[in-house]
Amino acid sequence: VSTQSTGRSREGIMADQEALGKAERAWQQGEHDQAISHYDEALRILQESGDTDQEGMVCMGKGFALTNIGRFGMALEALERAHQIAVESGNDAQAGFVSSFVESTRAKAKEENQEIAAPGSVAEAAESAAKSAFVSASVQRWPALLVLEGNPRETKCEQSKIVVGALQEVKLRFEYIDVSRDHMLREGFLALEQAQGQDLPQFFVCGGILPDILERSANPPALKDLLEQRFVQHGMDSELLEDMFSAGCGHGDHACSSVKHDDAHRARVKLAVQQCAIEHGLPDPEDHPQLEFQTAEREAGFVVLLSKHLGGFELPEDLMTQCEHDTCLLYTSPSPRDS
């Protein structure tokens, strides 16, 4: 964090960074209560200095940490504060990102009052909450989203191949999520209330599922007319509508993915990398994009945490080594799925 951008003294910045470093070390040693205490110390310093942006990031870190050990009630308080800061600062992207976690954590907090999770299920419950939030956010994030097993070039069933073929025929730009290697993520989409038991592949348009997508794919022109109607109903103007049907498929796995949506996804990756750096006691990548890890274990731990922040997508343990520890490469690559 630069003193020029925050207006804070170097001593103040070093004090909260020291507290965050202590929190990270305590957490790695399994001293969770001590780690939370250090998070609170960092928050006290930030609140006194008036650095609300950094306070919001630390609140997110504290909230995620508490969620990981099953303290959903305490986590909710921290995450709600992070959401409040994002809203007040006009950071819509961060507000939307935190909002999904707030809702899933609130649901877990209510469950906690009825039944305390068994120790062995705490991590699974936290992961489930994060992935449920990811599912809900993904459905709302993109105008056109295909959920399938595999990818558009290598589908794992004939039904998905038919749907992809129809979408490519009408040259629709769409995002996709491969759930073939993640049972919990797969079940999250299948359990959506609006899915009404519809199996994979699922296709979402402007936040709502398009029923009978397999049958509709048998008639691509009619499918295109229906999609245009849905897009217009949700306020899409003629220029955006034309852009949605201008995909040049056949140039790679992500050729059907809108550049505008990729940009939004990169912004989300950037936020996740910043949050992971804070939780690991590392400098803000915004000012120090070249991250240094003292051990291979810490680097692997950073990648595991980043994977969780991105909804559970599997990432290679040596991801940062592949990127030569340059976080900027994570933001400029087509998508974290390419990693």
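Note that this is a predicted model, so its numbers are computed, not measured.

Q: Can you explain the overall build of the chain? Please cite residues and give values.
A: A tally of helices and strands in the chain yields 16 helices and six strands. Relative to all contacts within the chain whose residues are 6 or more apart in sequence, the contacts with residues 24 or more apart total 61%.

Q: How would you sum up the environment of Phe203? Please name residues and give values.
A: Locating Phe203 in the fold gives a position in strand 5 (residues 202-205). For the pair formed by Phe203 and Leu148, sequence separation is 55 residues and the distance between their alpha carbons is 8.8 Å. The contact partners of Phe203, leaving out residues within four places of it in the chain, are Ala144, Leu145, Leu146, Leu167, Leu172, Phe174, Gly208, Ile209, Leu210, Ile213 and Leu227.

Q: Talk me through helix 14 (residues 296-309); I want residue IDs and the actual numbers.
A: Between its first and last C-alpha atoms helix 14 spans 20 Å; for 14 residues at 1.5 Å apiece the expected length is 20 Å, and the two agree. Within helix 14, burial applies to Glu299, Ala300, Phe302, Val303, Leu305, Leu306, Ser307 and His309.

Q: An account of the sheet that holds strand 1 (residues 144-148) is requested, with residue identities and associated values reported.
A: If you trace the four strands from one edge of the open sheet to the other, you get 4-1-5-6, paired in mixed fashion. Lying at the two open borders of the sheet, with one neighbouring strand each, are strand 4 (175-178) and strand 6 (208-209). Relative to strand 4, strand 1 runs parallel, the two being bridged by four bridges. Bridge pairing in strand 4 places Leu148 opposite Asp178.

Q: Summarise the packing of aromatic side chains; cite the residues concerned and give the values.
A: In this structure the tally under the stated criterion is two aromatic pairs. Residues Phe189 and Phe204 carry aromatic rings whose centres are separated by 6.3 Å and whose planes lie at 45 degrees to one another, so their mutual orientation is tilted. In this pair, Phe189 is assigned in helix 9 (residues 183-190) and Phe204 in strand 5, connecting sequence segments 15 residues apart. Looking at Phe204, the relative accessible area reads 0%, which means it is buried.

Q: Help me get a handle on the packing of helix 3 (residues 32-49) against helix 4 (residues 52-68), residues and values and all.
A: Taken N-terminus to C-terminus, the directions of helix 3 and helix 4 make an angle of 165 degrees; their axes are 9 Å apart at the nearest point. For the element pair helix 3 / helix 4, the angle class is roughly antiparallel. The crossing of helix 3 and helix 4 is left-handed. Contacts from Ile36, Tyr39, Asp40, Leu43, Leu46 and Gln47 in helix 3 reach Gln54, Glu55, Val58, Cys59, Gly61, Lys62, Ala65 and Leu66 in helix 4. Across the contact of helix 3 with helix 4, the residue classes tally to eight nonpolar, three polar and three charged.

Q: Give me the lowdown on the pattern of salt bridges, citing residues and values where you can.
A: Applying the stated criterion across every chain, the model contains 10 salt bridges. For the salt bridge of Glu103 with Arg106, the shortest nitrogen-to-oxygen distance reads 2.9 Å. With a gap of three residues between them, Glu103 and Arg106 both fall in helix 6 (residues 92-114), about one helical turn apart. For Glu103, a relative accessible area of 47% puts it in the partly exposed group. A salt bridge links Arg173 to Asp243, with the shortest nitrogen-to-oxygen separation between them at 3.8 Å. Remark: Asp243 occurs in helix 12 (residues 238-244) and Arg173 occurs in the loop between helix 8 (158-169) and strand 4; sequence separation between them is 70 residues. Taken together, the shared-partner salt bridges connect Glu149, Arg186, Glu187 and Asp199 into one network.

Q: An account of the pairing of strand 5 is needed here, citing residue identities and associated values.
A: Where burial is concerned, the two faces of strand 5 agree: the one with Gln202 and Phe204 and the one with Phe203 and Val205 are both buried. In the sheet, strand 1 pairs with strand 5 via four bridges, with the strands oriented antiparallel. Looking across to strand 5, one finds that Ala144 is bridged to Val205. Here strand 5 pairs with strand 6 via two bridges, running antiparallel. Along strand 6, the bridge assignment pairs Phe204 with Ile209.

What counts and what doesn't
Residues numbered from 1 in each chain as written. Predicted model: local features only at pLDDT ≥ 70, side-chain atom pairs only at ≥ 80, totals over all residues. Heavy atoms only, no water. Helix = DSSP H or I, 4+ residues; strand = E, 2+ residues; numbered from the N terminus. Contact = heavy atoms within 4.5 Å. Expected span 1.5 Å × (residues − 1). Buried < 20%, exposed > 50% of the residue type's maximum accessible area, 1.4 Å probe, protein only. Pairing = 2+ DSSP bridges. Phe/Tyr/Trp six-rings, centres within 6.5 Å; stacked < 30°, edge-to-face > 60°. Axes fitted to C-alpha atoms, helices over the stretch in contact; angles between N-to-C directions. Parallel < 35°, antiparallel > 145°, perpendicular 65-115°, else oblique. Left-handed = near helix turned anticlockwise from the far one by under 90°. Nonpolar A, V, L, I, M, F, W, Y, C, P; charged D, E, K, R; others polar. Salt bridge = Lys/Arg side-chain N within 4 Å of Asp/Glu carboxyl O.

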